[in-house]
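Structural overview for review
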Amino acid sequence: MPKVLISDKMDPKAAQIFRERGVEVDEITGKTPEELMAIIGDYDGLAIRSSTKVTKAILDAAKNLKVVGRAGIGVDNVDIPAASAAGVVVMNTPFGNSITTAEHAIALMFALARQLPEADASTQAGKWEKNRFMGVELTAKTLGLIGAGNIGSIVADRAQGLKMKVIAFDPFLSPERAIEIGVEKVELDQLLARADFITLHTPLTDQTRNILSAENLAKTKKGVRIINCARGGLIDEAALKAALDSGHVAGAALDVFVQEPAKESPLFGTPNFISTPHLGASTSEAQVNVAIQVAEQMADFLVSGGVTNALNMPSLSAEEAPRLKPYMALAEKLGSLVGQLTTGAIARVSVHSEGAAAELNQKPIVGAVLAGFLRVQSDTVNMVNAPFLAKERGIEVREVRNDREGDYQTLIRVSLKTEAGERSVAGTLFGNAQPRLVELFGIKVEADLAGHMLYVVNEDAPGFIGRIGTTLGEAGVNIGTFHLGRRDAGGEAVVLLSVDEAVTPELVAKVRALPGVKTVMPLKF
Ligand SMILES: NC(=O)c1ccc[n+]([C@@H]2O[C@H](COP(=O)([O-])OP(=O)(O)OC[C@H]3O[C@@H](n4cnc5c(N)ncnc54)[C@H](O)[C@@H]3O)[C@@H](O)[C@H]2O)c1
Ligand SMILES: O=C(O)CC[C@@H](O)C(=O)O
C-alpha cells in the first residue's frame, strides 16, 4: 500500500481521501528539515502547503518518494529541477484557491481605499477620529493588473463589478483573452502611469522579481495604492517604504514578503501600510478545495498512474493510465533492449508508433522508452527524469506517429542513432496486454522480454541450436524459452533465449567460442 506524509497543516479531507483511496497516510507537521529528512525515506508521497521546503537535501533522503503534491498554486518551496532529476513528480492544484486569493486582493483594495485597519484601531482606542479617515471611491478608478492569469482575471471580473476600469500588463495575455476578460492590454510603463490601484498576480521569476523597483515605483501615478497577494520579491520592499514615507504611494497592502514568515520589516508601522501573513489562500472553502484536489491527484498517481497538474511531467488521466500501462511496459522493454545492445554515444532516439499505439498519448510512451534505455546507464532513472537526462546528455528525441496499421494492429518501433548508424527494434501487444518483441535490428523474431536472457548472433548453420543447448546444459543453466530469427537462409541469425539465472561471463565466453558465433550478450529485463 503506498504511503503518504502530510507535512503541513491541511484540511482533514485530504487524509480522508487518501485512506478511502487505499493510501496509508501520516500527518506530521512542524518538523525541522533535519527531522523531515530522518523520516521521509518511508514515504511514496509528500503532501505540502507552503511551509515545508522540498530541497535537494530532502529529496536525496527521500529514497522511495514518487510524488510531491502542493495543496496550492505556487511551487517556489519545491526544488523542481532536483525533483525532476530524482524522478519525483511535482503536482500543484492550480485553481482551488484562485477565487479566495482574488477576493483577498479585493478586500485589501477596499481596506486601503478606506484605511480600515487604522480606522478600526483608532476607534477601538476610543478616539473617534471621524475627520482623520477620508477615503477614496473605487468606482471609475483605474485598476492596473500585473499578471492576468487565473487570479488576475478573477480580480478583473470583480473589479468590473465595482465599476472600475481594468488595464493589464501581461506579455503572455493574448488580445482575444484580454477582450474576453474585459481588460485593456497595456505595456508596463502605461500601466504605471495610469493606474490608481495596482495589484500583482504573477509568479516570482527572473522577469518579475522587483517588477515594482524604485525606478518603476517612481513612474507610478502620485497617490497610487498597491496590493500584492502573489509573491514576495515582486516589489522592492525598501523602495516601497520610501515611496510610502514620501507620500508618492498613498497606500500599500502586502500579503506576501521577500522573507517569510515576516516577523519584522521596515514597512511595519508605516502609515497607510497594511499587511496580512500570507492569508491569500486562507478560507475554509479554498483549503477544502486544495486538500481534496491534492489528495485525489496524488492518490490517482500512486494507485493508478494518472498524472494531473504535474509541473515536470505530461498529464495522463486516470482513465487513460490503464490503457497506456501495457504500452509503457512494452516501450520500456524495447528501450531497455536497444540500450543494452548498443554501445557508444547515442545521438538520437526515435519512437515510432503505428496503428492503435499512434492514437495514444505519446509522451508517456516516449518517457518509458527513454527510461528503459537510460536505466542501462543509471538505475535511478524513471519516466520523470528520463527526458531531462536525455536532454542533459545531448540526445535528440523524435516522436513519429502513423495511425495506419502495418503487419500488426499496434506497433512501437524504437530506433537508436549512433556514430555506427541507426538500428531499430519493434514490438507489439498480444491480446492488447502482453508486450512482445517482433523485430530485432531488421530480423523478424518473436520473443517475450523478461528476466535473464541471452542474445546471440550467429551464422545460420545446421546443428547450432543443439550446440548452444548443450553448452548451456553442461553449465547447469536451464533454458526457459528459445526464440529464433534470421535475415535469410544461411545468413545472419539471432537467438534470444530466456534462462533461469544470470549468465556468467565464463558461460558467455564459452558460447562466444562456438563455431559461427559473432556476438553474445547477456540481457536483463
Ligand atoms: N497569497 C496567496 O496565498 C496566494 C494564493 C494563490 C496564489 N498565489 C500566487 O499568485 C500568483 C498568481 O497565481 P495565478 O494562479 O493567477 O497564476 P497564473 O499562472 O494563472 O497567472 C500568472 C500570470 O502571470 C503572467 N506573467 C508571467 N510572467 C509575467 C511577467 N513578466 N509580467 C507580467 N505578467 C507575467 C502569466 O502570463 C500569467 O497570466 C502566483 O505567484 C501564485 O503563487 C498566492
Ligand atoms: O498554502 C497557503 O496558505 C498559500 C498558498 C499560496 O501561496 C499558493 O501559491 O497557492
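Refer to the preceding data block for the structure.
Numbering of residues starts from 1 in each chain and follows the order in which that chain's sequence is written. Ligands are numbered from 1 and chains lettered from A, in the order in which they are written. Predicted model: local features are reported for residues with pLDDT of at least 70 only, side-chain atom pairs are reported and counted for 80 or more only, and whole-chain, interface and lining totals are derived from all residues. Water and hydrogen atoms play no part in the side-chain values, which are based on all heavy atoms of the structure.

This brings us to the site of ligand 1. Nearness here has a simple test: a residue counts as near a molecule or strand if at least one of its heavy atoms is within 4 Å of that partner. The environment of ligand 1 is formed by 26 residues, the closest being Asn150, Ile151, Asp170, Cys229 and Asp255. Here an oxygen atom of ligand 1 sits 3.4 Å away from a polar atom, N or O, in the main chain of Gly74. Between N or O atoms, a polar contact is any pair within 3.5 Å; within protein, one atom must be a potential hydrogen donor and the other a potential acceptor, and residues adjacent in sequence are included only when both atoms are from side chains. At a separation of 3.2 Å, an oxygen atom of ligand 1 approaches a polar backbone atom of Gly149. Only the protein chains shown count as cover for residues, with accessible areas throughout obtained via the Shrake-Rupley method and a probe of 1.4 Å. Contact with the protein chains removes 86% of the 860 Å² of surface that ligand 1 exposes when unbound.

The next subject is the sheet that holds strand 22 (residues 517–524). The strand order across the open sheet built from four strands is 20-21-19-22, with neighbouring strands paired in antiparallel fashion. Since the sheet does not close on itself, it has two edges, and those belong to strand 20 (479–486) and strand 22, each with one partner. Between one strand axis and the next, the sheet turns through 15° on average, direction left out of account. Sheet analysis places strand 19 (residues 452–459) next to strand 22, joined by seven bridges and oriented antiparallel. What sits directly across from Val456, in strand 22, is Val520. The strands touched by helix 16 (residues 464–474) within the sheet are strand 19, strand 20, strand 21 (492–499) and strand 22, with strand 20 carrying the most contacts at an inclination of about 150°. Against the sheet, helix 17 (residues 505–512) touches strand 19 and strand 22, its axis set at about 155° to strand 22. For two strands to be treated as a pair, DSSP must find no fewer than two bridges joining them. Runs of H or I in DSSP of at least four residues are treated as helices and runs of E of at least two as strands, each being numbered from the N terminus. Geometry is summarised by axes, namely lines fitted to C-alpha atoms with helices restricted to the contacting stretch, and by angles between N-to-C directions that run from 0 to 180 degrees. Throughout, a contact is declared for two residues whenever any of their heavy atoms are within 4.5 Å.

To continue, consider the pattern of salt bridges. Whenever a carboxyl oxygen of Asp or Glu lies within 4 Å of a side-chain nitrogen of Lys or Arg, that contact is scored as a salt bridge. Counted according to the given criterion, the structure contains 24 salt bridges. For Glu422, the salt bridge is made with Arg348, and the minimal N-O distance between the two is 3.1 Å. Of this pair, Glu422 sits in strand 16 (residues 421–430) while Arg348 sits in strand 13 (residues 346–355); the two residues are 74 residues apart in sequence, bridging distant segments of the chain. Buried, partly exposed and exposed residues are distinguished by accessible area as a fraction of the type maximum, computed with a 1.4 Å probe on protein chains only: under 20%, between the cut-offs, and over 50%, respectively. For Arg348, a relative accessible area of 13% puts it in the buried group. Members of the salt-bridge network, linked through shared partners, are Asp407, Arg413, Glu439 and Lys444.

Attention now moves to the sheet that holds strand 8 (residues 184–185). An order of 8-7-6-9-10-11-12 is seen for the seven strands of this open sheet, with the pairing classed as parallel. Single-partner strands in this sheet number two, and they are strand 8 and strand 12 (273–275). Bridge count between strand 6 (residues 142–146) and strand 7 (residues 165–169): five bridges; the pairing is parallel. Residue pairing across strands places Leu143 opposite Val166, the latter belonging to strand 7. Relative to strand 6, helix 7 (residues 150–161) is tilted by about 175°, and along the sheet it contacts strand 6, strand 7 and strand 9 (197–200).

The subject of this paragraph is the site of ligand 2. The environment of ligand 2 is made up of Arg49, Ser50, Arg70, Gly72, Ile73, Gly74, Asn97, Arg231, His278 and Ala281. Here an oxygen atom of ligand 2 and a backbone polar atom of Gly74 are 2.6 Å apart. Burial of ligand 2 by the protein chains amounts to 92% of its free accessible area of 290 Å². The residue classification treats Ala, Val, Leu, Ile, Met, Phe, Trp, Tyr, Cys and Pro as nonpolar and Asp, Glu, Lys and Arg as charged. All others, Gly included, are polar. Its residues placed into classes, the shell around ligand 2 shows two nonpolar, five polar and three charged.

Of the strand pairs in this sheet, strand 1 (residues 3–6) and strand 2 (residues 24–27) are connected by four bridges, and their pairing is parallel. Note that in strand 2 the partner of Leu5 across the bridge is Asp26. The definition of a right-handed crossover adopted here requires that, viewed with the strands pointing away, the path from the first strand over the helix to the second runs clockwise. With respect to chirality, the unit in which strand 1 leads through helix 1 (residues 13–20) into the neighbouring parallel strand 2 is right-handed.

It is worth spelling out the side chain of Ser498 at this point. Mapped onto the secondary structure, Ser498 falls in strand 21. A distance of 2.7 Å separates the side chain of Ser498 from the side chain of Thr481, its partner in a polar contact. Setting aside residues no more than four positions away along its own chain, Ser498 makes contact with Ala450, His452, Met453, Asn478, Ile479, Gly480 and Thr481.

A separate point is the layout of surface pockets. For the second largest pocket, the calculated volume is near 930 Å³. Each cavity reported here is a set of points on a 1 Å grid over the protein atoms alone in which a 1.4 Å probe fits but cannot get out, each pocket an open set with protein on both sides within 12 Å along at least five of seven lines, and each lining residue one with an atom within 4 Å of a point. As for the second largest pocket, its lining consists of 38 residues, of which Lys66, Gly87, Phe301, Asn382 and Met383 are closest to the centre. Elements represented by at least two residues in the lining of the second largest pocket include exactly helix 3 (56–61), helix 4 (80–85), helix 12 (284–304), helix 13 (320–340) and helix 14 (362–374). Sort the elements by how many residues they give to the lining of the second largest pocket and helix 13 lands first, with five residues. Of the residues that constitute the lining of the second largest pocket, the class distribution is 22 nonpolar, eight polar and eight charged. Grid points are joined across faces, edges and corners, and a volume is the space filled by probe spheres set on the points.

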